[in-house]
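Fold and contact review
Below, each chain spelled out in residue letters.
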Amino acid sequence: QVQLVESGGGLVQPGGSLRLSCAASGFTFSMYAMGWFRQAPGKQREFVALIRRWSGGSTYYADSVKGRFTISRDNAKNTVYLQMNSLKPEDTAVYYCAARLSVPDTTTANEYDYWGQGTQVTVSS
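Rules of the game
- Residues numbered from 1 in each chain as written.
- Predicted model: local features only at pLDDT ≥ 70, side-chain atom pairs only at ≥ 80, totals over all residues.
- Heavy atoms only, no water.
- Helix = DSSP H or I, 4+ residues; strand = E, 2+ residues; numbered from the N terminus.
- Buried < 20%, exposed > 50% of the residue type's maximum accessible area, 1.4 Å probe, protein only.
- Pairing = 2+ DSSP bridges.
- Phe/Tyr/Trp six-rings, centres within 6.5 Å; stacked < 30°, edge-to-face > 60°.
- Core = buried A, V, L, I, M, F, W, Y, C linked by side-chain atoms within 4.5 Å.
- Contact = heavy atoms within 4.5 Å.

Turning to unusual backbone geometry, a few remarks are in order. Glycine aside, the phi torsion of most residues is negative, and most peptide linkages are trans. In this structure, the amide linkage connecting Val103 to the following residue, Pro104, adopts the cis form with an omega of 0 degrees. Relative to the helices and strands, Pro104 is located in the loop between β9 (93–100) and β10 (114–115). At Asn78, a position not held by glycine, the phi torsion is positive, near 50 degrees. Relative to the helices and strands, Asn78 is located in the loop between β7 (69–74) and β8 (79–84). The phi torsion at Ser86 lies on the positive side, around 50 degrees, for a residue other than glycine. Tracing the chain through its elements places Ser86 in the loop between β8 and β9. The class for Ser86 is partly exposed, based on a relative accessible area of 41%.

Looking now at the pairing of strand β11 (residues 119–123). Each regular strand displays side chains that alternate between the two surfaces of the sheet. Going residue by residue along β11, you find Thr119, Val121 and Val123 tucked away on one face and Gln120 and Thr122 left uncovered on the opposite face. Two strands pair when backbone bridges link them, and β9 and β11 are joined in this way by three bridges, in the antiparallel orientation. Each residue of the ladder has a partner; that of Ala93, found in β11, is Val121.

Next up on the list: the packing of aromatic side chains. Following the criterion strictly, the structure yields ten aromatic pairs and no others. Centre to centre, the rings of Phe27 and Tyr32 are 4.6 Å apart; their planes meet at 65 degrees, and the pair counts as edge-to-face. Owing to a relative accessible area of 13%, Phe27 belongs among the buried residues under this scheme. For Tyr32, a relative accessible area of 8% corresponds to the buried category.

Membership of the largest hydrophobic core comes to 35 residues, with the highest contact counts inside it found for Trp36, Val80, Leu82, Met84 and Tyr95. Ignoring sequence-local partners within four residues, the contact set of Val80 consists of Leu20, Ser21, Cys22, Phe29, Met34, Trp36, Ile51, Ile71, Ser72, Arg73 and Cys97.

In structure tokens form, the structure reads like this:
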């Protein structure tokens, strides 16, 4: 049974940091590219970051988070992370992790195979 379970969300002040985790099970994690997406109320789900398969996978970021967010993966722990620094109110959203087996890698949400349930991130003073 495939599972992706996000954790680490919460309430943080502008300029603060959070680290999201996504624990995967039920599939061969190292063979999948992993992505983070987010969805704010009334908006479409948008791409945040992706990390390519295998260890040492290269990364790609949305322009809105480049230089502030860092995606990483630990294939031994079947976990992908999103370190979020210098958070802004506009980063407020539900954050989802997703897994994709096929190539090429993509930033399109509906081309991912598996999804987590999401974790809420709220940036507010």
